[in-house]
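Reading the structure
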Amino acid sequence: METKIQRTLDWLQSNSFSQTVDKIGMATDGCPLYYKQVKDNDFLVITHYNSKYKSKKNMHLQGFDVFYFQNLDPETIGEVSAKAHDFWIPSFDIDRDIENLRTFIAGITDKTII
């Protein structure tokens, strides 16, 4: 059975998100960060917190937070505090939140990016 975590990771890959590592503890030091340019210097940044918990017993500790940053230098992704975000979906659930995220992005750009 495919988990929500795996479905979210598959969605990130199928939507061409780039990946880096959290260097300052935005979520958890060393956790994967996924990012995609929305327009100009605006980016979605998605943290995959507690990704180190891979066993079935601890899989429920993993999750994702979605951040939207305006005027972000892509070279600083992974080095910028989450406090600088302009929009946030905590504990992103792909089944529950994907349409809200698409609606938010549609209000920003006329491109279909996700």
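For the structure itself, consult the block above.
A brief report on the enclosed structure follows. The structure presented is a predicted model; accordingly, all values stated were derived computationally and were not measured. (Residues numbered from 1 in each chain as written. Predicted model: local features only at pLDDT ≥ 70, side-chain atom pairs only at ≥ 80, totals over all residues. Heavy atoms only, no water.)

The next subject is the nonpolar core. Ranked by internal contacts, the top residues of the largest apolar core, which has 18 residues, are Trp-11, Phe-17, Leu-44, Ile-46, Phe-92 and Leu-101. Those elements giving two or more residues to this core turn out to be helix H1 (4–14), strand S2 (32–39), strand S3 (42–49), strand S4 (63–69) and helix H2 (94–106). Listed in part, the ten residues of the second largest apolar core include Met-26, Cys-31, Phe-67 and Leu-72. (Core = buried A, V, L, I, M, F, W, Y, C linked by side-chain atoms within 4.5 Å. Buried < 20%, exposed > 50% of the residue type's maximum accessible area, 1.4 Å probe, protein only. Helix = DSSP H or I, 4+ residues; strand = E, 2+ residues; numbered from the N terminus.)

It is worth spelling out the pattern of salt bridges at this point. For the coordinates displayed, the defined rule picks out five salt bridges. The partner of Asp-95 in a salt bridge is Lys-4, and the shortest N-O contact between them spans 3.6 Å. Of this pair, Asp-95 sits in helix H2 while Lys-4 sits in helix H1, placing them 91 residues apart in sequence. Of the residues examined, Asp-95 reaches a relative accessible area of 48% and is grouped as partly exposed. With a closest N to O distance of 2.9 Å, Glu-99 and Arg-102 form a salt bridge. With Glu-99 and Arg-102 both in helix H2 and three residues apart, this pair spans about one turn of that helix. On the basis of relative accessibility, which here comes to 48%, the residue Glu-99 falls in the partly exposed class. Salt bridges sharing common partners tie together Lys-4, Arg-7, Asp-93 and Asp-95. (Salt bridge = Lys/Arg side-chain N within 4 Å of Asp/Glu carboxyl O.)

Our focus in this paragraph is the environment of Ile-108. Position of Ile-108 among the secondary structure elements: in the segment after H2. Discounting residues that sit within four places of it in the chain, Ile-108 has contacts with Val-38, Lys-39 and Tyr-68. (Contact = heavy atoms within 4.5 Å.)

Let us now look at unusual backbone geometry. Not every positive phi belongs to a glycine, and Asp-40 is a case in point at roughly 40°. Residue position: Asp-40 is located in the loop between S2 and S3. The backbone phi angle of Asn-50 is positive, close to 55°, even though this residue is not glycine. By relative accessible area, Asn-50 is classed as partly exposed at 23%.

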